[in-house]
Amino acid sequence: MTSFNLNDLNLFVHAVESGSFTAAGRRLGVPKSTVSKRVAELEAKLGARLIQRTSRSFSLTDLGRDFFEHAQASVIEAEMAESIVRSRLSEPSGTVRITASVPTSQFTLAEHLPELAIRYPKLKVSLHVTDRFVDIIQEGFDIAVRSHQLPLADSSLVQRKLAEHEFFLVAAPSYADRHGVPQRPEELVAHAAVMPSLSDTVWRLFSTSGEETLVKPHSVMAADEPFVLLRAAAAGMGITILPTSVCREPIEQGQLLRILPEWTAGRIATTVLVPHRRGQLPSVRATVEFLSERLGRL
């Protein structure tokens, strides 16, 4: 029976997750040649090609893809075994890789991750910020933090809702001074609006008493990035809608006013997704619990 060197499996898994021997070596702090040589030795021991590589391409063979799934699981199990021992001896440690979108990183995570580092000095957080869809299993992430209005699709990932944020209608004090403040939703049609997307021409509003209405304000600008909406509204361009995670602090600082405080424009949820095995690592559990604690109180 063939026995595998766990280090070789680890190098192979990192090479696949990183997309190249060079990137894997950089991530692990070892020469590219070491990664390439050890993966070649693993293939020789198996008597099978796992990775097709040329000067321009790097891809798994069909057999390599199947082998990778089991090798990755073995590496994670080994990490778990080590972490369980370490957790009995000390606080959570090691690197936790998180991926999140630009707005979620800016307005939801940036404020809290420094406190996580202070609470767990031996824990290293690596945050990957991108607006593209990330396959966290294939790309080797421990946690994905996603903000969404529609329910997330069912998957093999463990999902845990961290928070829900209402959308407030907001405007700058300077805008209110020039144009007044609407008292009812239907009055919004006479006001300038900064819309959250080019295709969004109607706002669906909900009252605390259970009413629901549609309004079509006069669009003077559109942007699908909340920081741009925030800056445009703060500059006095018009009324916009922003989740409380984005506008709470500007409201408290007097940069924005809440318009129609009895009404909201829906909600957005923040959910953490974790691969099942990764979620059992003490470092990952500690990070998820911390985010749940911090974001759940907002």
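Residues numbered from 1 in each chain as written. Predicted model: local features only at pLDDT ≥ 70, side-chain atom pairs only at ≥ 80, totals over all residues. Heavy atoms only, no water.

**Student:** Hey, could you run me through the overall build of the protein chain in this one?
**Tutor:** The secondary structure content of the protein chain amounts to 10 helices and 14 strands. Whereas a compact globule of 298 residues would reach a radius of gyration of roughly 19 Å, the protein chain reaches 24 Å, over 25% beyond that. Structurally, the protein chain occupies a C-alpha span of about 80 × 45 × 30 Å along its principal axes. Relative to its 298 residues, the protein chain shows a buried fraction of 44%. The contacts in the protein chain between residues at least 6 apart in sequence include a share of 75% that link residues at least 24 apart. Of the roughly 15,700 Å² of accessible surface on the protein chain, 51% is carried by carbon and sulfur atoms. The average position of the 33 basic charges and that of the 33 acidic charges among the side chains of the protein chain differ by 7 Å. (Helix = DSSP H or I, 4+ residues; strand = E, 2+ residues; numbered from the N terminus. Rg over C-alpha atoms; globule rule 2.2 N^0.38 Å. Buried < 20%, exposed > 50% of the residue type's maximum accessible area, 1.4 Å probe, protein only. Contact = heavy atoms within 4.5 Å. Areas by Shrake-Rupley, 256 points an atom, 1.4 Å probe, with all protein chains shown as cover. Lys, Arg positive; Asp, Glu negative; His and termini not counted. Charge placed at Lys NZ, Arg CZ, Asp CG, Glu CD.)

**Student:** Would you mind going over the sheet that holds strand β9 (residues 212–215) with me for this structure?
**Tutor:** Strands in a sheet are paired, the pairing made by backbone hydrogen bonds, and the direction either parallel or antiparallel. If you walk across this open sheet you meet the 3 strands as β9-β8-β13, and the pairing is antiparallel. Since the sheet does not close on itself, it has two edges, and those belong to β9 and β13 (263–264), each with one partner. (Pairing = 2+ DSSP bridges.)

**Student:** Help me understand the pairing of strand β14 (residues 267–274), please; the structure alone is not making it clear to me.
**Tutor:** Regular strands show a simple pattern: their side chains alternate between the two faces of the sheet. Among the 8 residues in β14, 7 count as buried, and that is most of the element. Strand direction decides the pairing type here: strand β6 (residues 158–171) and β14, joined by 8 bridges, are antiparallel. Note on β14: the bridge partner recorded for Q159 is L273.

**Student:** Where do I start with the pairing of strand β11 (residues 240–243) in this structure?
**Tutor:** On β11, burial covers both faces: T240 and L242 on one face and I241 and P243 on the other are all buried. With 4 bridges joining them, β6 and β11 adopt antiparallel strand pairing. When the sheet's bridge partners are listed, F168 is paired in β11 with L242.

**Student:** Whenever I open this one, the environment of E139 confuses me. Can you help?
**Tutor:** Tracing the sequence through the fold places E139 in the loop between β4 (123–129) and β5 (143–148). Between the C-alpha atoms of E139 and E115, which are 24 residues apart in sequence, the distance is 26 Å. The residues contacting E139, other than those within four sequence positions of it, are E17, R97, R132 and V134.

**Student:** Help me out: how do you make sense of the confidence of the model for the protein chain in this one?
**Tutor:** Detailed reading of predicted coordinates is not advised where the pLDDT is low. Averaged over all residues, the pLDDT of the protein chain equals 88, while 95% of them reach at least 70. Averaged pLDDT values for the elements of the protein chain fall to 80 in helix α4 (residues 62–89) and rise to 97 in strand β12 (residues 257–259). (pLDDT = per-residue confidence, 0-100.)

**Student:** For this particular structure, what's the right way to read unusual backbone geometry?
**Tutor:** Despite not being glycine, L260 has its phi angle at roughly 50°, a positive value. A relative accessible area of 5% means that L260 is categorised as buried.

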